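# Structure assessment
As a plain string of letters, each chain reads:
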Amino acid sequence: MEPRLGLHELLHVFSFLEARDLLCAAQVDKVWNEVSRTKELWRQLCLRRWSSCKASQVTLGTQTWKQYYLCRAELEFRMECGRPEKDFICKAIAGHKGGIDELAYVSNSKCRFDGQEKSVVCTVSSDSTVRAWDVQEGAEIWSSPVQPAALVNLVTFPRLQLVVTVDKLGLIKVWKAENGRECAASSLPTSSSALQACDRPEGPFLLVASAEGILYALTVPHLRLLSRTGVFPGSPTSLLCSPDCQWVFASAQDSDLGPKVFCTRSLLAPVEEEPRVSSTLPIWRTSRACWVPDETARLMVMHRNHDSGQLAITTYELEARQSQEGVDVV
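Per chain, residue numbering runs from 1 following the sequence as it is written. Residues qualify for local features only when their pLDDT is at least 70, as the model is predicted, and side-chain atom pairs are given and counted only at 80 or more; totals for whole chains, interfaces and linings, by contrast, use all residues. With hydrogens and water stripped out, all remaining heavy atoms of the structure feed into the side-chain values.

Operational definition: UniProt positions are given in the numbering used here, feature names are shortened, and annotations may be inferred rather than shown by experiment.
The name an unreviewed UniProt entry gives the protein is F-box domain-containing protein, with Gulo gulo as the organism. As stated in UniProt under Pathway (unreviewed entry), the record for the protein gives "Protein modification; protein ubiquitination."

### What to know about the overall build of the protein
To be explicit about the condition: Strands here are runs of E lasting at least two residues and helices are runs of H or I lasting at least four, both read from the DSSP assignment and numbered beginning at the N terminus. Residue exposure (1.4 Å probe, protein chains only): buried if accessible area is under 20% of the type maximum, exposed if over 50%, otherwise partly exposed. By definition in these notes, contact holds between two residues if any of their heavy atoms fall within 4.5 Å. Computed with a 1.4 Å probe, the accessible areas rest on the Shrake-Rupley method; for each residue, only the protein chains presented here act as cover.
Within the protein one finds six helices and 21 strands. Buried residues in the protein amount to 42% of all 330 residues. In the protein, the share of contacts with a sequence separation of at least 24, taken over all contacts with a separation of at least 6, comes to 39%. Working note: accessible area of the protein is about 18,200 Å², and carbon and sulfur atoms make up 51% of it.

### Some details on the pairing of strand 17 (residues 284–291)
To keep things clear, this is the line we draw: Think of it this way: DSSP has to see at least two bridges between two strands before they count as a pair.
Pairing between strand 17 and strand 18 (residues 298–304): six bridges, direction antiparallel. The residue bridging T286 from the neighbouring strand is H303, located in strand 18. Remark: six residues form the turn of the hairpin made by strand 17 and strand 18, two consecutive strands paired antiparallel; D294 in that turn has positive phi of roughly 65 degrees.

### Some remarks on the sheet that holds strand 3 (residues 130–134)
Note the threshold: Helix axes use the C-alpha atoms of the stretch in contact, all axes being lines fitted to C-alpha atoms, and the angles between their N-to-C directions lie in the range 0 to 180 degrees.
The four strands are arranged 1-2-3-4 in an open sheet whose pairing can be described as antiparallel. Of all strands in the sheet, those with a lone pairing partner are strand 1 (100–105) and strand 4 (139–143), marking the two edges. Averaged over neighbouring strand pairs, the angle between their axes works out to 25 degrees when direction is ignored. The pairing of strand 1 with strand 2 (residues 120–125) spans five bridges and is classified as antiparallel. Looking at the pairing, I100 lines up with S125 of strand 2.

### Looking at the sheet that holds strand 19 (residues 311–317)
Across the sheet, three strands lie side by side as 17-18-19; this open sheet has antiparallel pairing. A single partner strand is all that each edge strand has here, and the edge strands are strand 17 and strand 19. Adjacent strand axes in the sheet meet at a mean angle of 25 degrees when their direction is disregarded.

### Brief notes about unusual backbone geometry
The step from V220 to P221 runs through a cis peptide bond, and the omega angle for that step is 15 degrees. Along the chain, the position of P221 falls in the loop between strand 11 (214–219) and strand 12 (225–230). Within the chain, S128 stands out as a residue other than glycine whose phi angle is a positive 70 degrees. Not every positive phi belongs to a glycine, and R285 is a case in point at roughly 50 degrees. Relative to the helices and strands, R285 resides in strand 17.

### Considerations on the environment of T264
The condition that has to hold: In protein, a polar contact means a hydrogen-donor-capable atom and an acceptor-capable atom, both N or O and within 3.5 Å, with residues adjacent in sequence counting only if both atoms are side-chain atoms; elsewhere, any N or O pair within 3.5 Å suffices.
Here T264 is to be found in helix 6 (residues 264–267). Note on T264: relative accessible area 0%, which makes it buried. Separated by 15 residues in sequence, T264 and F249 place their C-alpha atoms 9.7 Å apart. Leaving out residues up to four positions away in the same chain, T264 has contacts with F205, C245, Q246, W247 and V248. Here the side chain of T264 touches W247 through a polar contact of 3.1 Å, landing on its backbone nitrogen.

Structure representation (structure tokens):
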């Protein structure tokens, strides 16, 4: 009898296959069919083809990564080969009188293909308004009154159905996602360089970095100040919160200063009550960073190499450890 590949060996071999090959392999026998439907294989195919694809996009109606891949690939094929209104639907969203600076999904589900639930996005524009749109219909749901200054950034809290905007002068506002009603407002001393929505089970909060390198933590929805931390004095700061909201990555824009990682819990208390738990990463001239999908504390940073100046990617596994002096970031 010829030796047969085990499940782990088959899975390794199948990881090199494209979607068409996996579908063919599924027809060989029961074992190959089972292995070819493995979630990780189709997840990798999705991430490889659509780098912006995230786990949260696999929703009701597209229950598996395989279904998501096949639905989206078919839609793209129709758009490439077909005609609008016959093979696919194309909706133009128009209404802003200025350029759109930022958009974010406010619906609990992002990309849907079954039409069972609306996908809603919010946009901010230089025309000083924030607007909500029904993506499937290409129709405006609501528009805010014209604000005192141009809106430059927004984040959303889908679970709470809230939208947070900031204008070029540093005025932050919270809006009800279903009707655009203003809930709260708070003003920064200077303009904002970054917003991050953090929706933890313990309670949501908002992180705001000012153009002068100060990091503010605010309650949601009332925008009450929790803490104020100097991160990169005098430098605009970029923020990136981990998927579980336990870590915050901060980097100075257009600067040779090394980026920092903060333990989020320490940012939510006044500095006199609990010192900031942070660490400066030994890299410089950061250009991009991301948190690894399906990993709670694994960070990848693209930066310039110290020796050659060439682009490099460094991956960090973060952990907070208790020591005699307090908590250290390892």
